[in-house]
Amino acid sequence: MAPLTPRSPPLLLLLLLFLTLSFAESSHHCQRPCKPGDNRICHYDFFVEDYYTLSRACYACPDNLTDCSRPECIAADGTAQPLLTVNRQFPGPSVQVCARDRVVVDLHNMQLSDSESLHFHGQAMADQQYYDGVPYITQCPVLAGTFRYNFITGTAGSQLWHSHVGLHRGSGVFGALVIREAEDPLRHLYDTDLPEHVVVVSDWNHVDINTFFWDTHHRGAFIFPRNILFNGKGRDPTTGVLLPLEVVHVKAGARHRMRFINGGSLDCPVVLSVDAHRLTIIAMDGTAIEPFTTDSFVMFSGERFDVILEANQTVDNYWIRNDGLVMCGFDDAMQGAILRYEGAPEEDPTPTLTYDPNPQGVMVNPARPDPDSPNIVSCVDLDSLEPSHLDEKPDKKFYLAFNFRAVNNTAFFNPKYYPFNGVSHQFQTVTPQVNNISFKYPVSPLLSQPEAPQPTMCLYGEDPPCDGDFCSCTYTLEVGLGETVEIVLIDEGDFVNSSHPFHLHGHNFNVIAMERLGDKTTRAEVIALDDKGGIKRRLDNTIMKDTINIPHGGYTVIRFTADNPGWWAMHCHLVDHAEMGMVAVLHVGTQKHIPPIPEGFPKCGNFKPDVFS
């Protein structure tokens, strides 16, 4: 089932180009102050390759800390392990452009034995559906050679690009995508919006992501993330080695726009705060909100927060703190970056950096919303910048229950030899599913090969195909172009205190309800509650997002207009949950509503010719 790829330049030429780019000036001509009418073509070469932290590029790092800042040295927190990189950077290159620029990314897959694709998280790709980057939904994965992504930027704001193949995002294939506007409606609120004030946070294991995944799912050996990194930097508190930390420079008296992006891949929501400073949130997931001042906020995988930090304290160094929750809470994973005022000494802040997942004051976007607490503010409590009103009833309504189930997932169990109930508790790995179904990717892309048969397809509301207690198919929600869609997202809560940050491709949505009902609930209970009028929806001035958490043992309700035709992935944004099947696909409109397939677009599928004797 090898995907076909366009003819590629010789490997030697690609290597020479890569080496040239790696020593080029890090800034890009598209990283600039945005001006009306100044729209550019912004070209990037992304070389994806297997790499290693503390490689030979690091010379004597961490024994010689100066060496840790050498070109192509990835020190992370001082743990040596394999990873994937783009252009030998971690995180990958920061793409910072202006609204309505044309972004061209040439993905060069240099891996020895794996495929690749890229998703531009936060870009709806309207009229550019073929570049959404989801294997077997919109395109064939790139097995070798080069694939060109070519799109005009849509939604402005702080976004994220990342791999959409397997566990690659968790191995290092991700980075910032920032789209600034020439005429920003929030411009009066800040004095600076600097490229160096873009901060990507990510959870960090002390084993590579493949070991984490396969140990968990074949041996039941749970491995918990040990750290959280700021722009790929951090320290391991168990070693005492003072590796270089990320330093964010600010000028006293100025109001600085800072962009925080959660590129993490595992179940590690992070609590972010800055010592001695309050933060005013002005945008979430790239969409402006009515400014709201808080002491801390929680970011789930795939979420982005734009905040104003007013540098109104004494000239000094202050901790920017990340404290991990859920999986990152087992080993008190945390990290610090340094907020350094101009004129402050080049040293660590004085206070000790300790784990504190419940900082004092107001917290926005908590893992567990609490309507009775004045200091806990959920996304439903925030206001959109522009007034809006939603109709009382949508055209289509869906209930999607996210849960872990004790089933004989044939990827990990053989019911004949070692069934789920026939092995010890250690080996009883539960399977993440949506409505008790594991998503099965088709063998050819739904969008770009519409003529191909799709025998794995099943529709919402129909009985899925099952093998014993394990049900698996290409689970699809069908909606008409222009219909108003409501989805009630439910976390049934049958597995510790997990979170499920839900991400919808192709659309932004209004967040109109969110509540935690208890440690557990069921899809049937939530439907019954809704039928009785027990779910109160907010329809005025609600914020818009593309990624939202579902409270453990509760629900989140979202609403959007299906105005972007195509096939759109919708899934839990945790890579291990998604790769085990916590995915569905939204089909909007018909093929006649979609732009023509680009000439020469790669095809893939099964090869099963007739057998002749």
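Calculation rules
- Residues numbered from 1 in each chain as written.
- Predicted model: local features only at pLDDT ≥ 70, side-chain atom pairs only at ≥ 80, totals over all residues.
- Heavy atoms only, no water.
- Helix = DSSP H or I, 4+ residues; strand = E, 2+ residues; numbered from the N terminus.
- Rg over C-alpha atoms; globule rule 2.2 N^0.38 Å.
- Contact = heavy atoms within 4.5 Å.
- Areas by Shrake-Rupley, 256 points an atom, 1.4 Å probe, with all protein chains shown as cover.
- pLDDT = per-residue confidence, 0-100.
- Phe/Tyr/Trp six-rings, centres within 6.5 Å; stacked < 30°, edge-to-face > 60°.
- Buried < 20%, exposed > 50% of the residue type's maximum accessible area, 1.4 Å probe, protein only.
- Lys NZ or Arg CZ within 6 Å of the ring centre and 35° of its normal.
- Pairing = 2+ DSSP bridges.
- Axes fitted to C-alpha atoms, helices over the stretch in contact; angles between N-to-C directions.
- Patch = residues over 30% accessible without salt bridge, like charges linked within 9 Å, V, L, I, M, F, W, Y side chains within 5 Å.
- Salt bridge = Lys/Arg side-chain N within 4 Å of Asp/Glu carboxyl O.
- Disulfide = S-S within 2.5 Å.

Assigned secondary structure in the protein consists of 5 helices and 35 strands. For the protein, the C-alpha radius of gyration of 24 Å lies close to 25 Å, the compact-globule estimate for 613 residues. In the protein, the share of contacts with a sequence separation of at least 24, taken over all contacts with a separation of at least 6, comes to 78%. For the protein, the computed accessible surface area is about 25000 Å², with 52% contributed by carbon and sulfur atoms.

The next thing to look at is the confidence of the model for the protein. Averaged over the protein, the pLDDT score is 94; the fraction of residues at 70 or greater is 95%. When the criterion is pLDDT under 50, residues 18–25 qualifies, and its contacts beyond four places in sequence or with other chains add up to 8 contacts.

Tallied over the entire structure, the rule returns 23 aromatic pairs. Considering the side-chain rings of Phe-90 and Trp-204, the 5.4 Å spacing of their centres and the 50 degrees angle between planes classify their relative orientation as tilted. A residue pair is termed long-range when its members are at least 10 positions apart, and Phe-90 in the loop between strand E2 (82–86) and strand E3 (95–98) and Trp-204 in strand E9 (residues 198–204) qualify at 114 residues. The burial state of Phe-90 is the same as that of Trp-204; both residues are buried. Centre to centre, the rings of Phe-402 and Phe-502 are 6.1 Å apart; their planes meet at 90 degrees, and the pair counts as edge-to-face. On the criterion of sequence distance, the pair formed by Phe-402 in strand E22 (residues 396–405) and Phe-502 in strand E29 (residues 500–504) is long-range, its members being 100 residues apart. Look at Phe-402 and you get buried, because its relative accessible area is 2%. When its relative accessible area of 0% is taken as the criterion, Phe-502 is described as buried. An aromatic cluster is present here, built from Phe-120, Tyr-130, Tyr-131, Phe-147, Tyr-149, Phe-151 and Phe-601 joined pairwise through their rings. Its guanidinium or amino end placed over the ring of Tyr-59, Arg-70 lies 3.7 Å from that ring's centre, counting from NZ or CZ.

This part takes up helix H3 (residues 209–219). Within the sequence span of H3, burial applies to Ile-209, Phe-212, Phe-213, Asp-215, Thr-216 and His-217. Of the surrounding elements, those touching the buried residues of H3 are helix H2 (168–171) and helix H5 (575–579). Once H3 ends, the next one or two residues include Gly-220, with phi positive near 70 degrees.

Reading across the sheet, the 6 strands line up as E10-E9-E12-E17-E14-E15 and stay open at both edges, with mixed pairing between neighbours. Either end of the sheet is taken by a strand with one partner, and the two such strands are strand E10 (227–230) and strand E15 (287–294). For this sheet, the mean inter-axis angle between neighbouring strands, taken without regard to orientation, is 25 degrees. Bridge count between E9 and E10: 4 bridges; the pairing is antiparallel.

For the rest of this paragraph, the subject is a nonpolar patch on the surface. A grouping of Leu-65, Val-241 and Leu-242 is seen on the molecular surface, where their side chains present a nonpolar patch of about 220 Å² in accessible area. Along the chain, Leu-65 falls in the loop between strand E1 (41–52) and E2.

Turning next to the state of the cysteines. Inspection of every chain in the model, using the stated rule, returns 8 disulfides. The disulfide that involves Cys-140 links it to Cys-604, with 2.1 Å between the sulfurs. Taking the torsion about the S-S bond as the criterion, the Cys-140 to Cys-604 disulfide, at about -95 degrees, is left-handed. One end of the pair, Cys-140, is in the loop between strand E5 (118–121) and strand E6 (145–152); the other, Cys-604, is in the segment after strand E35 (583–588), with 464 residues separating them in the sequence. Residue Cys-140 shares its accessibility class with Cys-604, and that shared class is buried. Each disulfide pairs two cysteine sulfurs, and for Cys-458 the partner residue is Cys-473, the sulfurs being separated by 1.8 Å. Placement of Cys-458 in strand E25 (residues 457–459) and of Cys-473 in strand E27 (residues 470–479) is noted, with a sequence separation of 15 residues between them. The burial state of Cys-458 is the same as that of Cys-473; both residues are buried. Distance from the sulfur of Cys-379, which forms no disulfide, to the nearest cysteine sulfur (Cys-572) is 16 Å. The buried category is assigned to Cys-379, whose relative accessible area is 1%.

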